[in-house]
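Overview (structure and organization)
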Amino acid sequence: MAWGVWGRARRGPVGALTLTALAEGLRASQGRPLAAPSRGPQTEPQELEPEAQVPALASEAEPRSAATVPTAGSEPCSPPNAQEPPPKGANQAPRSPWEEGVLADLALYTAVCLEEAGFAGTQATALTLSSTLEARGERLEDKVHILVRGLLAQVPSAAEGRPRQAALRVLSALALEHARDVVCALLPRSLPLDGEAAELWRSLSRNQRVNGQVLVQLLWTLKGAAGPEQQALAATRALREMLAVSGCVGATRGFYPHLLLALVTQLHELARSAGSPDTPKVWAPSHRGPPDSHASCAVEALKALLIGDGGRMVVTCMEQAGGWRRLVGAHTHLEGVLLLASAMVAHADHRLRGLFADLLPRLRSADDTQRLTAMAFFTELLQSRPTTRLLWEEDILERLRAWQGDPEPTVRWLGLLGLGHLALNRGKVRHVNTLLPALLGALGEGDARLVGAALGTLRRLLLRPRAPVRLLSAELGPRLLPLLDDARDAVRASAVGLLATLVRRGRGGLRVGLRGPLRKLVLRSLVPLLLRLHDPSQDAAESSQWTLALCDQALRWGLLEEVVTVARYDSPEALSRVCHRLVQRYPSHVPSFLSQTQGYFRSPQAPLRRAAAVFIGFLAHHASPSRVSQDLLDSLFQDLRQLQSDPDSAVGAAAHVSCQQVALLAAAQSRPRRPLLARLSRRCARTPRAPPVFADSPFPAQTAEAAPAPDEPT
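Model, not experiment: these values are computed from the prediction. (Residues numbered from 1 in each chain as written. Predicted model: local features only at pLDDT ≥ 70, side-chain atom pairs only at ≥ 80, totals over all residues. Heavy atoms only, no water.)

Further remarks concern the packing of aromatic side chains. Each aromatic ring pair is specified by the distance between its two centres and by the angle formed by the two planes. Enumeration over the complete set of coordinates arrives at three aromatic pairs. Measuring from centroid to centroid gives 5.7 Å for Phe 378 and Trp 403, while their planes differ by 65 degrees, and the two rings are edge-to-face. Here Phe 378 is found in helix 18 (residues 368-381), whereas its partner Trp 403 is found in helix 20 (residues 393-404), with 25 residues between them in sequence. Each member of the pair, Phe 378 as well as Trp 403, carries the same accessibility label: buried. Each residue in the set Phe 356, Phe 378 and Trp 403 is aromatic and connected to the rest through ring pairs, giving one cluster. A cation over a ring is seen here: Lys 223 above Trp 220, with NZ or CZ 5.1 Å from the ring centre. Over the aromatic face of Tyr 256 sits the side chain of Arg 351, whose NZ or CZ is 3.9 Å from the ring centroid. (Phe/Tyr/Trp six-rings, centres within 6.5 Å; stacked < 30°, edge-to-face > 60°. Helix = DSSP H or I, 4+ residues; strand = E, 2+ residues; numbered from the N terminus. Buried < 20%, exposed > 50% of the residue type's maximum accessible area, 1.4 Å probe, protein only. Lys NZ or Arg CZ within 6 Å of the ring centre and 35° of its normal.)

The following block contains the structure:
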């Protein structure tokens, strides 16, 4: 009936009769001090060769059994040394390796005999083992590591069916009363996690009497380990195996938020560690799955925890939004936390109150990873109205205001997001006096996350009923225009999108000539929008196309077809018609249009420099000579002559054509002051102002093929 290394080491198995005799002899010895062990059972091992007397597994497992596991009382777990002899006493007898083997075999044999007894059989197994050891003056808790090592040795050679089930039943019997010791003994075998150890973890997970205790011990191990240590990795792999078993997540009732936060915080620690191998490249879409690394194990354990709790939609939302990739990124982890919390608000609201309560003490943690992870969760959970009722709203506002004054940009970013959620989570705008100054101030920040959060919150604010469109139009004017030409692609596209939302909300007033601040903002944004149709960033180019379509609808230009044609095909004819309409509708703004366009001659992007040169040429062709000052013409002429030496030949060619148009415009005026311009204008005065002819652009169009619908910006 015996299996594994014990039977192989003794050259012959210890059969059922031997086990029964040993058990009976031990029972008969109860009630009186034990002398030396009976010679009967020891005659067989005395014939062994010296190297066969000590099982190989014990010597291999000993160095790895010294890991400590923190418990709820924060006491370290130091498994007893397998080779260390027990303390000598009057009621103890020396222990030989053979007797340890017999002890493991006895445990398995007892479990087989009680296989049909269910939970009672598990209890009886533990009672039999405890009684047997007490008869020898020993305690079962001192032998747990020995028994677990024996089970790990037995499982590979145990046949499917009753032998293997016996080994798993013994493990459950031990974990029922000694979960901490069982976890300590199994953790070293999870580095790496072999098949036998994985099977034992899964068997513990299936036993509803013990899985909760084992999960608690693994949680404390995870929380007690500092950084990406080997012990934390072993506990994470064990959690992944256990949580993947159907029904196991139900055992986390009472500490589910603790476990979820521990896994997410561990991912933050791994992302911040300099030596972490888990960079985004390991999550490339071409890979079928993540490697068996620490971060990937934590992500898989987190997925299993969510799915087991009915949160499959949370996992799906994270996959679609790239949330798992962000969670393991060194610079994107908090974005992943925000996505996870937002998905839970939408699809796992039954866990939000408990999670919110567990976050509060972590917000003041001295550990940055715990504090920032808790802040990110706290920020997104403010979207849930039932959750925010757990605290007084003034307390939440005071906390978010304090974050706004923090010197760390990340904290200010999270505080800004939280203010937006709190102000807008009831379908109407609240706390405007606190929200607006924070949002407008963030537009001037150097951190792109802060600027992006402010732009996104302002857009959400504008979409609310009775939004202060006129106030925002006046306040955003001097702040939004520089962002349309921001060097960061994401900021540029978001700024254009905010302008589109502003136009959409105020288009009713624009049609009847109202909305003075908004009308001024739109006219000052026309040149950036038209030139950004050629933006190298596709998002910025497409957003500019949508915004121009909304402006065309609100101001009734009738230029939608021309805007789309310029965006898709870079058509000079369509751009000429746009310039002609603008000159007709807004003649007093022509000098401003020319000056704004002139600023793009120094753009580092060749497509924008060429677009500016072409735009100047058509504006000069359609402009009235009386509307453009001589100083402006001199400045344009000088800059266009310099632009003809541009490294990009297409830019130089466009500048040459536009330079001729400026000269024609100057010829239609009185005498130019600049000598070169005067000579050129006299020469051009003999010819009519022919339209400029530009060569085809060598730069590809950036906007999508779909025609824009002016009802909603991207």
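Approximately 790 Å³ is the volume attributed to the largest pocket. Lining the largest pocket are 27 residues, with Trp 413, Leu 417, Gly 452, Ala 453 and Gly 456 positioned closest to its centre. For the lining of the largest pocket, the secondary structure elements donating two or more residues are helix 16 (333-347), helix 21 (409-424), helix 23 (448-462) and helix 25 (489-511). Here the lining of the largest pocket takes nine residues from helix 23, the largest share from any one element. (1 Å grid on protein atoms, 1.4 Å probe; cavity = no way out; pocket = protein on both sides within 12 Å on 5 of 7 lines; lining within 4 Å. Points joined across faces, edges and corners; volume = space filled by probe spheres on them.)

One way to put it is that helix 18 packs onto helix 21 with a least axis distance of 8 Å and a crossing angle of 20 degrees. Classified by the angle between their axes, helix 18 and helix 21 sit roughly parallel to one another. Once helix 18 is placed against helix 21, the crossing between them reads as left-handed. Each of Arg 371, Leu 372, Met 375, Ala 376, Thr 379 and Glu 380 in helix 18 lies in contact with helix 21, whose residues at this interface are Thr 410, Val 411, Leu 414, Leu 417, Gly 418 and His 421. Residues belonging to the contact of helix 18 with helix 21 are distributed by class as follows: six nonpolar, four polar and two charged. (Axes fitted to C-alpha atoms, helices over the stretch in contact; angles between N-to-C directions. Parallel < 35°, antiparallel > 145°, perpendicular 65-115°, else oblique. Left-handed = near helix turned anticlockwise from the far one by under 90°. Contact = heavy atoms within 4.5 Å. Nonpolar A, V, L, I, M, F, W, Y, C, P; charged D, E, K, R; others polar.)

Across its 19 residues, helix 33 (residues 649-667) extends 27 Å between first and last C-alpha, which sits within 8% of the 27 Å expected from 1.5 Å per residue. Across the 19 residues of helix 33, 14 count as buried, placing the element largely inside the fold. The N-cap residue of helix 33 is Asp 648: its side-chain oxygen and the backbone nitrogen of Ala 650 are 3.0 Å apart. (Expected span 1.5 Å × (residues − 1). Polar contact = N/O pair within 3.5 Å; in protein donor to acceptor, adjacent residues only side chain to side chain.)

On to the pattern of salt bridges. Should their charged atoms come close, side chains of opposite charge can pair. Going through the model one piece at a time under the given rule, you end up with 18 salt bridges. Among the ionic pairs, Glu 241 bridges to Arg 240, the shortest N-O distance being 3.8 Å. Given the relative accessible area of 18%, Arg 240 is considered buried. Residues Asp 368 and Arg 371 are paired through a salt bridge, measuring 2.8 Å at the closest nitrogen-oxygen approach. In this pair, Asp 368 and Arg 371 both sit in helix 18, three residues apart, roughly one turn of the helix. (Salt bridge = Lys/Arg side-chain N within 4 Å of Asp/Glu carboxyl O.)

Glancing now at helix 9 (residues 195-206). In this model helix 9 runs 17 Å from its N-terminal to its C-terminal C-alpha over twelve residues, within 8% of the 16 Å that 1.5 Å per residue would give. Those residues of helix 9 lying buried are Ala 197, Ala 198, Glu 199, Leu 200, Trp 201, Ser 203, Leu 204 and Ser 205.

Now for the side chain of Asp 646. By the element assignment, Asp 646 lies in the loop between helix 32 (630-643) and helix 33. With relative accessibility at 14%, the residue Asp 646 sits in the buried group. Separated by 2.8 Å, the side chains of Asp 646 and Arg 609 make a polar contact. Side-chain polar atoms of Asp 646 contact the backbone nitrogen of Asp 648, separated by 2.8 Å. Look past the residues within four positions of Asp 646 in its chain and what remains in contact with it is Arg 609, Val 651 and Gly 652.

Now for the packing of helix 26 (residues 516-531) against helix 30 (residues 590-598). In contact at an axis separation of 10 Å, helix 26 and helix 30 are set at 40 degrees when each is read in the N-to-C sense. Relative to helix 30, helix 26 is oriented oblique. Taken as a pair, helix 26 and helix 30 cross one another with a handedness that is right-handed. Judged by residue contacts, Leu 523, Arg 524, Leu 526, Val 527, Pro 528 and Leu 531 of helix 26 engage Phe 593, Gln 596 and Thr 597 from helix 30. Across the contact of helix 26 with helix 30, the residue classes break down as six nonpolar, two polar and one charged.

Here we come to the nonpolar core. Core analysis: the largest hydrophobic core is formed by 189 residues, its most contacted members being Trp 201, Leu 204, Leu 218, Leu 260, Leu 302 and Phe 377. When neighbours within four sequence positions are excluded, Leu 302 is seen to be in contact with Leu 260, Leu 263, Val 264, Leu 267, Trp 324, Leu 327 and Leu 340. (Core = buried A, V, L, I, M, F, W, Y, C linked by side-chain atoms within 4.5 Å.)

Below, the discussion takes up the side chain of Ser 576. For Ser 576, the position within the fold is in helix 29 (residues 572-585). Excluding residues that lie within four positions of it along the chain, Ser 576 makes contacts with Phe 618 and His 622.

What follows covers unusual backbone geometry. With a phi close to 60 degrees, Arg 466 is a non-glycine residue in the positive phi region. One non-glycine residue with positive phi stands out, namely Arg 556, at about 55 degrees. Among the secondary structure elements, Arg 556 is positioned in the loop between helix 27 (538-555) and helix 28 (560-569).

Any functional reading would require information beyond the geometric quantities listed.
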